[in-house]
Amino acid sequence: MKRCDICEKEFDENKKSCAPCQRIISRYDELPKSKLRPALHFAYDSVRSKGEERYFRCQYTGISSQFNPTAESVIDPVKDALVLTIDHVNPKDWDSDLVVSLHIINAMKSKLSGEEFRRLTIALGSHFSKAIEQEDFEKEFRRILHIG
Ligand SMILES: [Zn+2]
């Protein structure tokens, strides 16, 4: 018996990961396994995962969900908002670490770093709830995005 490097469940095959975890890894052929495997292991939700189902937590929201359970390769950021995707922590650096993210958050985050996204959404929330003045919001917005 071996222990899966992602979910830590025991399995028989002579591989690093059990079959359900390996199916997720296989979908991301283009990504370095040395970064993908730790990202999945870190995000793994052992409480919610049952049988062949694997749940992981979104790095940015903490929401527990699954990777695309269908064979369809193209998923929509709104219709499939709660499907998990893999995100580069720093989208400007393709060698940066990987994290698990809900599809909608990954789409909203776009070219922002995790920290820029977090600060921007907090500022937006304050703006939408009218907790800060327009002028202060704009200043904060510019500060976060490093624009003059
Ligand atoms: Zn596993």
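What counts, and where the lines are drawn
- Residues numbered from 1 in each chain as written.
- Predicted model: local features only at pLDDT ≥ 70, side-chain atom pairs only at ≥ 80, totals over all residues.
- Core = buried A, V, L, I, M, F, W, Y, C linked by C-beta atoms within 7 Å.
- Buried ≥ 20, exposed ≤ 12 C-beta atoms within 10 Å, placed from the backbone.
- Helix = DSSP H or I, 4+ residues; strand = E, 2+ residues; numbered from the N terminus.
- Contact = placed C-beta atoms within 7 Å.
- Domains from an automatic or database assignment.

**Observations concerning the nonpolar core**
In terms of nonpolar packing, the biggest core is built from 20 residues, with Cys21, Ala39, Leu40 and Val100 touching the most fellow members. Going through the elements one at a time, α1 (19-26), α2 (33-43), β5 (84-88) and β6 (98-102) are the ones with two or more residues in this core. Setting aside residues no more than four positions away along its own chain, leucine 40 makes contact with Ile6, Cys21, Ile24, Phe56 and Val100.

**Considerations on the domain arrangement of the protein**
Along its sequence, the protein is carved into domain 1 (2-109) and domain 2 (112-148). The centre of domain 1, based on its C-alpha atoms, is set 29 Å off from the matching centre of domain 2. Counting residues at the interface gives four residues for domain 1 and four residues for domain 2.

**Some points on the environment of phenylalanine 141**
Looking at the element boundaries, phenylalanine 141 is found in helix α5 (residues 134-145). For the pair formed by phenylalanine 141 and proline 91, sequence separation is 50 residues and the distance between their alpha carbons is 19 Å.

**A few points about the environment of serine 96**
Tracing the chain through its elements places serine 96 in the loop between β5 and β6. It is 8.7 Å that separates the C-alpha atoms of serine 96 and lysine 35, two residues lying 61 residues apart in sequence. Not counting residues within four places of it along the chain, the set of residues in contact with serine 96 comprises His88, Val89 and Asn90.

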